[in-house]
Amino acid sequence: MAERITVQINGQPCDVPAGMSVAVAVMLAEGTSRLSVSGQPRGPLCGMGTCFECRVEIDGRAQRRSCQTLCRSGMEIVTHERR
Amino acid sequence: MNGVNEKVCDVAVVGAGPAGIAAASAAAEAGASVVLLDDNPAPGGQIWRGGVGMGDHPEATRWLERLNAGRTTILSGTRVYHAESGALWAESDEQEQRVRFGRLVLATGARELFLPFPGWTLPNVVGAGGLQALVKSGLPIENKRVMVAGTGPLLLAVAACLSEKGAQIACICEQAPLARLGRFAMTLAAFPGKLREGARLRLAARKAPYRTGCWPVAALGKERVEAVRVSQGSHEREIACDYLACGFHLVPNLELPRLLNCRVAAGYVEVDEWQQTSAPGVYCAGEPTGIGGVELSLVEGQIAGYTAARREEAAKRLFAQRARYRKLVPAMQEAFRLRPELATLAKPDTIFCRCEDVPFERMQEHHSWKAAKLHTRCGMGPCQGRVCGAAAEHLLRWAVSTARPPVFPVSCAGLASLGRAGDSPESSGPPSGG
């Protein structure tokens, strides 16, 4: 597989292949991407930017669709449930 | 955000799936200046999504080469959130984008239809195309047990793709009865290429049992899905899995066509023989005009692109090809029509709107989308009803037409710029409410 890069997910360094989406990196690291308004764990559903279940904070910007964002070296990702 | 980037072009194309790629290529070859906007990291749409470790699709490669041979400006990772006559509002992670155009081609594609059933909100219950997209984005699937369920030709394509990546497909559950699929196969007899593709996919997924007249009734598990209960009418069974890939065919993305007042009839954008919508200078191609597959999208895209670049004679030469592939639209609609049992799967406490966690029983207290929205907040979360609105149309038979700017949540800078929409010479007024 391609070159590997490191991103931070909830403060933990994660080693991922370049080209991996943030949604997948979060699935592998945390299993879920957010807690729903009534507290249920949720993960990605549509994988193509329409359902918003995979939204996370990326580099300080909230509600980013992680399935449409590729991991970049040094990226800081925070899932909703930790906030 | 680094300010606003402005572009001016003859033809703007929204969506870089097959229809949009074909439209942009045709318009550029006809001499027009073209800007192609797409919200994904790279052109290709859902069907030609590349990504980590995926082999190239030869037809996709040919079309991408043709696209790149033109001088089309490609704006990937750019989400269009508002459109008016002559102008588009969009944003990427880096900047605000305005595109002023002479003519517009909408190739906004389709999304999967998701229907609520107990457990459908569990992590690892994903769309069929959804799981394929995640795997193409790097999700390891080797030796994972995957249930593929729902309806439509996508199920087989997904099962084949995941099998090739080493997944164990526990079962493919197609809700349509065998008789309807048989009639669909007869239609396909006129399309040898399609039949060959179907046979190739079935071969790739040969280890997976393909059950017709079979549908999911519940996803089971604590923290994530562990098993799926499926029904074949007379009996139910439980099948263990790591992922449930479930989608009920496709629904077109109509937000931008609706925003531009393009007439929509029977769920699809109305177009004339030139792919021209009821809105002057606005063309539409691909799935929003009818779900008909990649070949239809490509030919419609070319017709729209040539016409938008005023090369009508080139467009006209493609009419016969389009007429041939248009036959697939009603055939697919009939073959993959949803069985009535699917409207009975949601229990009173099953979440219907995933953004606002509105249970089905609260939806049932109302008789229209608007009333339900006002009282329950359904459809008012970030997805703006893209998931639950489509489900309400299909299960509750409500008319759902949600389109107002911004059609996606945007940054405050983007929102502020909408308030200044009236500043542009072609446009009028601030976004409407209601």
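Heads up: the structure comes first, above all this text.
Please read all numbers here as calculations on a predicted model, not as lab measurements. (Residues numbered from 1 in each chain as written. Chains lettered and ligands numbered in written order. Predicted model: local features only at pLDDT ≥ 70, side-chain atom pairs only at ≥ 80, totals over all residues. Heavy atoms only, no water.)

Asks: Any chance you could explain the overall build of chain A here in plain terms?
Replies: From N to C terminus, chain A includes 1 helix and 7 strands. Ordered by position from the N terminus, the helices and strands of chain A form the series β-β-α-β-β-β-β-β. Reported as C-alpha extents along the three principal axes, the dimensions of chain A are approximately 40 × 25 × 20 Å. The buried share of chain A, reckoned over its 83 residues, is 57%. Of the accessible surface of chain A, which amounts to about 3400 Å², a share of 47% is contributed by carbon and sulfur atoms. Put simply, chain A has 10 plus and 8 minus side-chain charges, and the middle of one group is 8 Å from the middle of the other. (Helix = DSSP H or I, 4+ residues; strand = E, 2+ residues; numbered from the N terminus. Buried < 20%, exposed > 50% of the residue type's maximum accessible area, 1.4 Å probe, protein only. Areas by Shrake-Rupley, 256 points an atom, 1.4 Å probe, with all protein chains shown as cover. Lys, Arg positive; Asp, Glu negative; His and termini not counted. Charge placed at Lys NZ, Arg CZ, Asp CG, Glu CD.)

Asks: Looking at this structure, how should I read the overall build of chain B?
Replies: Each helix and strand counted, chain B has 15 helices and 21 strands in total. Here the C-alpha radius of gyration of chain B, 22 Å, is about what a compact globule of 434 residues would show, namely 22 Å. Based on the C-alpha atoms only, the size of chain B along its principal axes is roughly 65 × 50 × 35 Å. Counting the 434 residues in chain B, one finds 58% classified as buried. Of the contacts formed within chain B by residues at least 6 apart in sequence, a portion of 66% connects residues at least 24 apart. When the accessible surface of chain B is summed, it comes to about 17400 Å², and 51% of that surface belongs to carbon and sulfur atoms. The centroid of the 49 positive side-chain charges in chain B is displaced by 4 Å from the centroid of its 42 negative side-chain charges. (Rg over C-alpha atoms; globule rule 2.2 N^0.38 Å. Contact = heavy atoms within 4.5 Å.)

Asks: What is the right way to look at the sheet that holds strand 9 (residues 145-151) of chain B in this model?
Replies: Residues and elements named next belong to chain B. Here we have 5 strands laid out as an open sheet, ordered 8-15-9-10-11, and parallel in their pairing. Pairing within the sheet leaves two strands with one partner each, and these edge strands are strand 8 (125-126) and strand 11 (210-212). Relative to strand 15 (residues 243-248), strand 8 runs parallel, the two being bridged by 2 bridges. The residue bridging V125 from the neighbouring strand is L244, located in strand 15. This element, helix 4 (residues 154-164), spans strand 9, strand 10 (168-174) and strand 15 of the sheet and lies at about 175° to strand 10. (Pairing = 2+ DSSP bridges. Axes fitted to C-alpha atoms, helices over the stretch in contact; angles between N-to-C directions.)

Asks: In this structure, what is going on with helix 11 (residues 328-335) of chain B? I would like to understand it.
Replies: For an α-helix the count is 3.6 residues per turn, leaving residues at separations of three or four pointing the same way. Residue and element names in this part refer to chain B. Every buried residue of helix 11 is accounted for by L328, V329, A331, M332 and A335. Looking down the long axis of helix 11, one finds its buried residues gathered within 165° of arc, a one-sided arrangement. Against helix 5 (178-188), helix 6 (192-204), helix 8 (294-308) and helix 10 (319-326) lie the buried residues of helix 11. (Arc of directions from axis to C-beta.)

Asks: I keep staring at the sheet that holds strand 12 (residues 215-220) of chain B and nothing clicks. Help me out?
Replies: Across a sheet, paired strands are connected by hydrogen bonds in the backbone, their directions being either parallel or antiparallel. Residues and elements named next belong to chain B. With antiparallel pairing, 3 strands are arranged side by side in an open sheet as 12-13-14. Of all the strands in the sheet, the pair left with one neighbour each is strand 12 and strand 14 (236-240). For this sheet, the mean angle separating the axes of adjacent strands, direction not counted, is 25°. Pairing of strand 13 (residues 227-231) with strand 14 involves 5 bridges; the strand directions are antiparallel. Among the inter-strand pairings, R229 is bridged to a residue of strand 14, identified as E238.

Asks: Honestly, the pattern of salt bridges in this entry has me stumped. Any pointers?
Replies: Where charged atoms of side chains with opposite charge meet at close range, the side chains can pair. Per the stated rule, a full pass over the model turns up 24 salt bridges over all chains. Two residues, B:E295 and B:K194, come together in a salt bridge whose shortest N-O distance is 2.7 Å. Placement of B:E295 in helix 8 and of B:K194 in helix 6 is noted, with a sequence separation of 101 residues between them. Looking at B:K194, the relative accessible area reads 23%, which means it is partly exposed. With a shortest N-O distance of 3.3 Å, B:E356 and B:R377 are connected by a salt bridge. On the criterion of sequence distance, the pair formed by B:E356 in the loop between strand 20 (351-353) and strand 21 (358-359) and B:R377 in the loop between helix 13 (369-376) and helix 14 (388-395) is long-range, its members being 21 residues apart. Here the salt bridges do not stand alone but share partners, grouping A:R34, A:R42, A:E53, B:R354 and B:D357 into one network. (Salt bridge = Lys/Arg side-chain N within 4 Å of Asp/Glu carboxyl O.)

Asks: Explain the nonpolar core to me, please; I cannot follow it from the model alone.
Replies: What tends to happen in soluble globular proteins is that the nonpolar side chains get buried as a cluster. All names here are of chain B. Within the largest apolar cluster, 76 residues are counted, with the highest numbers of intra-cluster contacts made by L88, L104, L106, M147, L244 and M363. The element that contributes the greatest number of residues to this core is helix 14, accounting for 5 residues. Not counting chain neighbours up to four residues away, the residues in contact with M363 comprise F352, V358, W369, A372, T376, C378, L396 and W398. Within the second largest apolar cluster, 49 residues are counted, among which are A176, L188, L296 and L318. (Core = buried A, V, L, I, M, F, W, Y, C linked by side-chain atoms within 4.5 Å.)

Asks: What is the right way to look at the interface of chain A and chain B in this model?
Replies: Taken together, the contact between chain A and chain B spans 37 residues of the former and 40 residues of the latter. A buried area of about 3100 Å², summed over both sides, lies between chain A and chain B, and 58% of it is on carbon and sulfur atoms. When the buried area of chain A at its contact with chain B is split by residue, A:L45, A:M48 and A:Q68 rank highest and sum to 21% of it. There are 3 salt bridges connecting chain A and chain B. Here A:E53 ties to B:R354 by a salt bridge, and the two come within 2.6 Å at their closest N and O atoms. If you list the elements that add at least two residues to the side of chain A that touches chain B, you get helix 1 (22-30), strand 4 (41-42) and strand 6 (61-65) of chain A. Here the residues of the side of chain A that touches chain B are counted per class, giving 16 nonpolar, 14 polar and 7 charged. (Buried area = accessible area lost by both parts, 1.4 Å probe. Nonpolar A, V, L, I, M, F, W, Y, C, P; charged D, E, K, R; others polar.)

Asks: What am I meant to see in the state of the cysteines here?
Replies: Two cysteines form a disulfide when their sulfur atoms are joined by a covalent bond. Counted by the stated rule, this structure contains 0 disulfides over all chains. A:C71 supplies the cysteine sulfur nearest to A:C14, a cysteine that is in no disulfide, at a spacing of 8.9 Å. A disulfide-free cysteine, B:C412 has its sulfur positioned 19 Å from the sulfur of B:C355, the nearest such atom. The class of B:C412 is exposed, set by a relative accessible area of 67%. (Disulfide = S-S within 2.5 Å.)

Asks: I'm lost on unusual backbone geometry in this one. Help?
Replies: The phi angle of most residues is negative, glycine excepted, and most peptide bonds adopt the trans form. The omega torsion of the bond from B:P405 to B:P406 falls at -10°, within 30 degrees of zero and hence cis. Looking at where B:P406 falls in the secondary structure, it is placed in the loop between helix 14 and helix 15 (412-419). Not every positive phi belongs to a glycine, and A:D59 is a case in point at roughly 50°. Mapping A:D59 onto the fold places it in the loop between strand 5 (55-58) and strand 6. A positive phi is found at B:N143, a non-glycine position, where the angle reads about 65°. Take B:N143: it is sitting in the loop between helix 3 (128-136) and strand 9. Residue classification places B:N143 among the exposed positions, given a relative accessible area of 52%.

Any functional reading would require information beyond the geometric quantities listed.
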